[in-house]
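Summary of the model geometry
The lines below spell out each chain.
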Amino acid sequence: MPQAAAGPVLVRRSPHRDARGAFARIFCAEALAGIGWPGPVAQINHSLTARRGSVRGLHYQKPPHAEAKLVVCIRGAVLDVAVDIRPGSPTRHRHVAAELSAEAGTALYVPEGFAHGFQTLTDDVELIYVHSAPYTPAAEAGLRHDDPALGIAWPLAVADLSERDASFPLIEQGGLQA
Ligand SMILES: Cc1cn([C@H]2C[C@H](O)[C@@H](COP(=O)(O)OP(=O)(O)O[C@H]3O[C@H](C)C(=O)[C@H](O)[C@H]3O)O2)c(=O)[nH]c1=O
């Protein structure tokens, strides 16, 4: 059993292909426990983002509602980003970025203590999110995708962005509530 990872992990699914098409495992509790998945699946969500260049995030839930997520790209491609927001972490405010795509069969495991966001690299992107904690609106919080303290190099000009995501305070303004 591999050692649980301390941070985000890129996960690649292996489709079984035959003349009919393909079959792939999206989530395996046993396999993900080995990289740190913390417990039962609490919720599975699906998002569709129409325009290339759109940004969603960066979102997290405040403790004690912090959640791990498996972010699975099932259509198109995204640059997926996870920001370390763990108090006392030597890599706090640093991020990892990975391209996820349906074609490559890639997903990102985002542990508790990380804010998550993405930019679409194609039109009509669909993501599946597997969450380890239920959605708790009162615990919802976020970081600005363009916060200078994070230094995230988004590859494209930002297309669609929600008012909520655009209005998160900067970290220097006290914007981090983890
Ligand atoms: C997560 C969630 C949301 N909602 C409602 C709340 C809003 O009225 C609406 C859209 O939510 P939100 O604007 O947070 O959706 P996104 O901006 O796509 O956020 C998602 O993308 C970013 C990158 C993430 O990492 C979040 O986990 C994920 O929620 O669905 C629900 O009713 N249930 C839920 O579980």
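What you are looking at is a predicted structure, and each value in this text was computed from that prediction instead of being measured. (Residues numbered from 1 in each chain as written. Predicted model: local features only at pLDDT ≥ 70, side-chain atom pairs only at ≥ 80, totals over all residues. Heavy atoms only, no water.)

**Things to note about the side chain of Ser47**
The residue Ser47 is located in strand S4 (residues 43-49) in this model. Residue Ser47 is classed as buried on the basis of its relative accessible area, which comes to 10%. In this structure, Ser47 is in contact with Arg56, Phe118, Val125, Glu126, Leu127 and Tyr129, ignoring residues within four places of it in sequence. (Helix = DSSP H or I, 4+ residues; strand = E, 2+ residues; numbered from the N terminus. Buried < 20%, exposed > 50% of the residue type's maximum accessible area, 1.4 Å probe, protein only. Contact = heavy atoms within 4.5 Å.)

**A closer look at the sheet that holds strand S11 (residues 125-131)**
In space, the five strands of this open sheet follow the order S1-S9-S6-S11-S4, with antiparallel pairing throughout. Two strands close off the open sheet at either side, each with one partner strand: strand S1 (9-12) and S4. Strand-to-strand twist across the sheet, computed as the mean angle between neighbouring axes with direction ignored, equals 25°. (Pairing = 2+ DSSP bridges. Axes fitted to C-alpha atoms, helices over the stretch in contact; angles between N-to-C directions.)

**What to know about the sheet that holds strand S8 (residues 95-101)**
In spatial order, the strands read S8-S7-S10-S5-S12; together these five strands make up an open sheet with antiparallel pairing. Each edge of the open sheet is held by one strand with a lone partner, namely S8 and strand S12 (140-142). Put simply, the sheet's adjacent strands are angled 25° from each other on average, direction ignored. As judged from the four bridges shared by strand S5 (residues 55-61) and strand S10 (residues 114-120), these two strands associate in the antiparallel manner. Residue pairing for S10: His59 is matched across the bridge by His116.

**Focus: the site of the ligand**
With respect to spatial proximity, the complete set of residues near the ligand consists of Gln43, Asn45, Arg56, His59, Lys69, His116, Gly117, Phe118, Tyr129, His131, Tyr135 and Arg164. Side-chain polar atom of Lys69 to an oxygen atom of the ligand: 2.8 Å apart, as the coordinates give it. For the ligand, the protein covers 65% of the area, taking 650 Å² as the surface of the free molecule. Sorting the residues of the shell around the ligand by element identifies S4, S5, S10 and S11 as the ones contributing at least two each. Grouping the amino acids of the shell around the ligand by side-chain chemistry returns three nonpolar, six polar and three charged. (Near = heavy atom within 4 Å. Polar contact = N/O pair within 3.5 Å; in protein donor to acceptor, adjacent residues only side chain to side chain. Areas by Shrake-Rupley, 256 points an atom, 1.4 Å probe, with all protein chains shown as cover. Nonpolar A, V, L, I, M, F, W, Y, C, P; charged D, E, K, R; others polar.)

**Concerning the UniProt feature "active site" (unreviewed entry) in the protein**
The sites that carry the UniProt feature "active site" (unreviewed entry) are, in the present numbering, His59 and Tyr129. For this annotated set, covering 71 residues, all C-alpha atoms fall within 12.7 Å of each other, a compact arrangement in space. Locating His59 in the fold gives a position in strand S5. Once residues lying within four places of it in the same chain are set aside, the contact partners of His59 are Lys69, Phe114, Ala115, His116, Ala141, Gly142, Arg164, Asp165 and Phe168. Within the structure, the side chain of His59 is placed 3.4 Å from the side chain of Arg164, a separation counted as a polar contact. (UniProt positions renumbered as here; feature names shortened; annotations may be inferred.)

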